[in-house]
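What follows is the residue order along each chain.
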Amino acid sequence: MSVLPLGDGLYEIESASDHTYLVDLEAGRCTCPDHVFRDVRCKHIRRVAIEITHGRTPPPGKLSVTCHDCGETTFVDEDAAEPFYCEAHTIYPGDAVVDRETDDRLTVVDVSELRADAVTISDRETTVADYATNEGYEPDVPVVGAVYPHATVATNGVIPDSLKVYVFPRTRLEKAT
Ligand SMILES: [Zn+2]
Ligand SMILES: [Zn+2]
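A brief report on the enclosed structure follows.

The rules behind the values
Residues numbered from 1 in each chain as written. Chains lettered and ligands numbered in written order. Predicted model: local features only at pLDDT ≥ 70, side-chain atom pairs only at ≥ 80, totals over all residues. Heavy atoms only, no water. Donors = N, O, S within 2.8 Å, 3.2 Å for Na, K, Ca; no water. Tetrahedral: all angles 85-135°; square planar, octahedral: opposite > 155°, others 65-115°. Helix = DSSP H or I, 4+ residues; strand = E, 2+ residues; numbered from the N terminus.

We now examine the coordination of the zinc ion (ligand 1). Bound to the zinc ion (ligand 1) on the protein side are Cys30 (SG), Cys32 (SG), Cys42 (SG) and His44 (ND1), at distances that span 2.1 to 2.3 Å. Angles of 102 to 115 degrees at the metal separate the four donor atoms of the zinc ion (ligand 1), which places the site in the tetrahedral class. In the primary structure, the donors to the zinc ion (ligand 1) are separated according to the pattern C-x1-C-x9-C-x1-H. Here the residue Cys32 occupies a position in the loop between strand 4 (29-30) and helix 1 (33-38), and His44 occupies one in helix 2 (residues 43-53), the gap between them amounting to 12 residues.

On to unusual backbone geometry. It is generally the case that most residues other than glycine have a negative phi and that most peptide bonds are trans. The omega angle of the peptide bond from Glu82 to Pro83 is -5 degrees, so this bond is cis rather than trans. Take Pro83: it is sitting in the loop between strand 6 (73-77) and strand 7 (96-99). Within the chain, Asp8 stands out as a residue other than glycine whose phi angle is a positive 55 degrees. As for its placement among the helices and strands, Asp8 is situated in the loop between strand 1 (2-7) and strand 2 (10-14).

Shape is all these values report; function is a separate question.
Right, here's the structure in full:
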């Protein structure tokens, strides 16, 4: 039996006998005769539950997508926006990342929901997306704020500029391993 998630907690299931049934998992309903006429928890509902338990099909409310960085299949919320990342490639504040342009290592301080084409770089008249070195990256991805790891210390203290937060399109950064 193959299971195809349709979203909204619905699953299409093709039985070995080539019949196609629709399972509504949260309502505990199936369109097969066993369920409709005999009102039993049929093998299709059980099969969908098993597929979810084993991580082979997404639970209700989740979608099956591929990770932007590694191509692995991962489950995300149905209303999540691209780019999608698996758990190993999701970045959080405090994580070390690598700038794909320069190979510099940085530490993430903020993962925004704002898009690169909607955020203006403070001391320049351009958005993050239009900034020259960001041309190769998608304009509609979230921005990530990051700092270079080594603050520069002079005789009279830390140089403020060395603590500056730089803003990158999400896809320019890669989680450091
Ligand atoms: Zn059934
Ligand atoms: Zn990944």
